[in-house]
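Secondary and tertiary structure notes
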Amino acid sequence: MYIATASSSASALLRASRARFFSSSTSTLSRTFLAAPPKPSSHSFTAQRLLSSSAATRWSHGVHWRAPYTLRSQIRAIAPVLERVQRRIATMAPESHPFKEHLTALPKPGGGEYGKFYSLTSLKDPRIDKLPYSIRILLESAIRNCDNFQVKKEDVEKILDWENTAPKLVEIPFKPARVLLQDFTGVPAVVDLAVMRDAMNNLGSDSNKINPLVPVDLVVDHSVQVDVARSENAVQANMELEFQRNRERFAFLKWGSTAFQNMLVVPPGSGIVHQVNLEYLGRVVFNTNGLLYPDSVVGTDSHTTMIDGLGVAGWGVGGIEAEATMLGQPMSMVLPGVVGFKLSGKLNNGVTATDLVLTVTQILRKHGVVGKFVEFYGGGMGELSLADRATIANMSPEYGATMGFFPVDHVTLQYLKLTGRSDETVAMIEGYLRANKLFVDYNEPESERVYSSYLELDLSQVEPCISGPKRPHDRVTLKDMKADWHACLDNKVGFKGFAIPKEVQDKEVKFSFHGQPAELKHGSVVIAAITSCTNTSNPSVMLGAALVAKKACELGLRVKPWVKTSLAPGSGVVTKYLIQSGLQKYLNEQGFNIVGYGCTTCIGNSGDLDESVASVIADNDIVAAAVLSGNRNFEGRVHPLTRANYLASPPLVVAYALAGTVDIDFDKEPIGTGKDGKSVYFRDIWPSSEEIAQVVQSSVLPEMFRSTYESITKGNPMWNQLSVPETKLYSWDPNSTYIHEPPYFKGMTMDPPGAHGVKDAYCLLNFGDSITTDHISPAGSIHKDSPAAKYLLERGVDRKDFNSYGSRRGNDEVMARGTFANIRLVNKLLNGEVGPKTVHIPSGEKLSVFDAATKYKSAGQDTIVLAGAEYGSGSSRDWAAKGPMLLGVKAVIAKSFERIHRSNLVGMGIIPLCFKAGEDADTLGLTGHERYTIDLPSNISEIKPGQDVTVTTDSGKSFVCTARFDTEVELAYFNHGGILPYVIRNLSKQ
């Protein structure tokens, strides 16, 4: 099925105009790449007017989009900011640039030029032709940003010599072109920026130095919940509830869009961040003041990688790392290895992109790609639509790679035109990428690229499948699903087991659902959700789902009313083509009414189950199932009452909803009985690939993308009515339960605290493998008996208004109490008991994790966490590092770390240590009842990346770990107590 072999050998600092792809006549929000900026008629535009929000609605980069001034002239009005920016631009002036001789003009076909670019071709270095395309993007960035200070010529040489340097894990700086945020991670990011301004003031420095120097796009998509489903009015009803719950958060974000320059906020109800990025925000190539360069992005959501399908290099980072990037700091990264993944053949009839991505995820998980880029190539590329590629790229976090990259080719250009980007823009993109060795033309001979290792997959070997019940990479073919389900019921509790006794596996519980007879059993589907950017951006699977619904309606099948069904498109484009095709009505008939435009069920915003259903599940210990077209199915994430959660394509979501159970063999058993009394089978409702292609061809039109993204720039009435202060410093409300001033910089001085070890620390928690960021810092509902609930109740918040942890990430008091508050947490100190508690070692009391941590802190006692493999996997959630830091955790000792989470721990000043190969807490005989001393020098110069560190316990045990400070820059962060104090001190000195 696939082959794995080893290799034989081994920003622009300021955007002058907000770029857009659509022609200038179609939108009031100027996003042009190509037109030269008009000369300003006056420079009298004041900073106050610039930041005023009274003249027009805008969620902009702090500027008035309709004013007859260029952004450059507007920014000149802000003297202190301009002075600093001009100094930085001066260091990058072509006259002094180390690679100035490689600045080359890109001519327009009809005369004139698009602009200039730093040419890889003019380097005349034969090594470039062997480089993977993803590495060429890092190379171009290093050359363009080279100032022999932040980025040095030696860094350029490291990237050029990638074939030899990557195996040595060398460190390079990278300056992404822009930053992408969603509201769950965006609110704490803006909170951090606001409190950093206060810290600059307290240090006697200029608070205006805290301003994004690269474009920042924030899409509000994580707040909408499926409160109302199966209703024609669901979208409006859910949005009204969303604004009721989140008005304060939304007003704060709107304040941020005016208080900080270079920040665009896309309002609620517009779509899912990664689909909006793919269809609208992604530039592919920037043209800033006549300088051309590849688009690249880091985002505070791990599925930022979806943009890799468009040929834009992008990946997820922690919120604190993103904040440093916004403020002009280069990212320090290890030059990655690149796995070459060759695709050949063609998907069989009826096989979906979701089946493909779940297969790819399993293959890459097995191969091991953590910390690496994966680059796709081969003859099979031409058989994959851009949406299919984006689906594969989206799930990079699930297979563990930093990126799953698809270089730009003709398929990319066709997609850009389909999504409404102008012909001139697409011509400029193609011209630049061809001229700079960044375009793949499969009709022309190419020199063979070198990869770190190689994989191959014949697309014709992909089978229909789903993944679950608890992890995205636990793929199950559809034909094996029934047998696998019964094995899961039998198996002991684990990733593939529920330990249900044989004698009760077949029990059925009958109940009344609003006067209608109903029944549930193990495997009954209670949630069926078409959700998530992974799939809702792909017209083939969305229209495929609608065709399944149509065929089922025509045969007389209906989804049972107690199944909570929902459809949450990633953009308004989906609604337009579902209506254009005439298929939305069939989805509605099956209960898949549109509920909103956001992440919904995929991130746990599934809303409540009907009380009668919830009672039956809870009272009878039913292993109920959710089937969703999402990318994550970790235990406790989708809904607290669905212990089995399966990822599936949208058409399969509809099919399982119709079947009402995952305990079915679709090949042999009927889904239901049709109106003619005959059995209806899976094959009767499944559309052919040709049927789907015909509907896509006739229903998905460029004008849909243009009109959708014109309208999102105008906002909606609820957003436009939010009033916000026009101040640059935020006025913190001590009584707010949503936005609270965090304590990170209290008492901060210009002197860094220095490196430190840990002495006689207690173990706060002792974990096994695969502890996710959902376990560490849940995003979902706040349990009524939790410390966070107690805090909110004490402040007069009704239980119905608790909202979610994700929505309250702007309040450190709530989030500290929500740390390790996942109801499915398994802590070895509790000897098998599941839940968010631990043992306070000195007293032996069983307490909530927050209460135990508070007790340790009150006594002046440090704590550590013990963990197994893949600690911190899942979402790129900075609160999974901020929370433990606020609880007093000084170090985490694990078998291995997920890439982003390890970086976040360092960013918050927590020491990440790895057990040596073959060792863990169990093999070393550690119970977690010991006290731990970590021997680290107090002088940072005596610590090296990846060095050995000795850990001793009061029980006499001693073992050696690897300090996972991976770069010299990370050691500098540790010396300063974290990345944000490091940035503040550096900016204060400028």
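Remember, it's a predicted structure, so these values are computed and weren't measured experimentally.

Conventions we followed
Residues numbered from 1 in each chain as written. Predicted model: local features only at pLDDT ≥ 70, side-chain atom pairs only at ≥ 80, totals over all residues. Heavy atoms only, no water. Helix = DSSP H or I, 4+ residues; strand = E, 2+ residues; numbered from the N terminus. Buried < 20%, exposed > 50% of the residue type's maximum accessible area, 1.4 Å probe, protein only. Contact = heavy atoms within 4.5 Å. Salt bridge = Lys/Arg side-chain N within 4 Å of Asp/Glu carboxyl O. Pairing = 2+ DSSP bridges. Axes fitted to C-alpha atoms, helices over the stretch in contact; angles between N-to-C directions. Polar contact = N/O pair within 3.5 Å; in protein donor to acceptor, adjacent residues only side chain to side chain. Arc of directions from axis to C-beta. Phe/Tyr/Trp six-rings, centres within 6.5 Å; stacked < 30°, edge-to-face > 60°. Lys NZ or Arg CZ within 6 Å of the ring centre and 35° of its normal.

1. Examining the environment of Pro464
The topology assignment puts Pro464 in the loop between β16 (453-458) and β17 (465-467). On the basis of relative accessibility, which here comes to 32%, the residue Pro464 falls in the partly exposed class. Separated by 112 residues in sequence, Pro464 and Thr352 place their C-alpha atoms 7.3 Å apart. For Pro464, the contacting residues outside a window of four places in its chain are Val351, Asp355, Thr477 and Leu478.

2. Observations regarding the pattern of salt bridges
A complete count under the given rule lists 49 salt bridges for this structure. One network of salt bridges, with partners in common, ties together Asp125, Arg127, Glu157 and Asp161.

3. Some remarks on helix α10 (residues 319-326)
With respect to burial, α10 is a largely interior element, 8 of its 8 residues being buried. Of all the positions in α10, only Gly319, Ile320, Glu321, Ala322, Glu323, Ala324, Thr325 and Met326 are classed as buried. Just downstream of α10 lies Gly328, where phi reads positive at about 90°.

4. Regarding the side chain of Ser134
Within the secondary structure, Ser134 sits in helix α4 (residues 133-144). According to the relative accessible area criterion, Ser134 is buried, its value standing at 1%. Residue contacts for Ser134: discarding those within four places in its chain leaves Val338, Phe373, Glu375, Met403 and Phe405.

5. Regarding the sheet that holds strand β6 (residues 216-219)
With parallel pairing, 5 strands are arranged side by side in an open sheet as β7-β6-β5-β10-β11. The two strands at the open ends of the sheet, each matched to only one other strand, are β7 (263-266) and β11 (313-316). For this sheet the average axis-to-axis angle between neighbouring strands, irrespective of direction, equals 20°. Relative to β6, strand β5 (residues 178-182) runs parallel, the two being bridged by 4 bridges.

6. Some words on unusual backbone geometry
Here the amide bond leading from Gly468 into Pro469 is cis, since omega sits at 10°, within 30 degrees of zero. Relative to the helices and strands, Pro469 is located in the loop between β17 and β18 (475-477). Here the phi dihedral of His514 falls at roughly 50°; this positive angle occurs in a residue that is not glycine. Structurally, the position occupied by His514 is in the loop between β19 (508-513) and β20 (516-521).

7. What to know about the environment of Asn211
If you trace the backbone, Asn211 turns up in the loop between α7 (183-202) and β6. Sequence separation between Asn211 and Glu323 is 112 residues; the distance between their C-alpha atoms is 9.7 Å. From its side chain, Asn211 meets the backbone nitrogen of Gln261 in a polar contact 3.0 Å long.

8. Considering helix α24 (residues 689-699)
Of all the residues in α24, the buried ones are Ile692, Val695 and Ser699. Within α24, the buried residues cover an arc of 65° as seen down the axis, which keeps them to one side. Relative to its buried face, α24 has exposed residues pointing more than 90 degrees away, namely Glu690 and Gln697.

9. With respect to the packing of aromatic side chains
One pass over the full model with this rule turns up 30 aromatic pairs. An aromatic cluster is built from Phe252, Trp255, Phe260, Tyr730 and Trp732, whose rings are joined through pairwise contacts. The aromatic ring of Phe495 is capped on one face by Arg471, whose charged end is 4.0 Å from the ring centroid.

10. Observations concerning the sheet that holds strand β34 (residues 948-953)
Overall, mixed pairing links the 7 strands, which are arranged β27-β30-β31-β32-β35-β34-β33 in a closed barrel. Across the sheet, the mean angle separating the axes of adjacent strands is 40° when strand polarity is ignored. Helix α30 (residues 849-858) contacts β27 (758-766) and β30 (863-866) of the sheet and is inclined by roughly 170° relative to β27.

11. What to know about the environment of Val892
Position of Val892 relative to the elements: it lies in strand β31 (residues 889-894). Using a relative accessible area of 1% as the deciding quantity, one classes Val892 as buried. A C-alpha to C-alpha distance of 19 Å links Val892 and Ile320, two positions 572 residues apart in sequence. If sequence neighbours within four positions are ignored, Val892 has contacts with Val865, Tyr871, Phe897, Leu905, Ile910, Ile911, Pro912 and Leu913.

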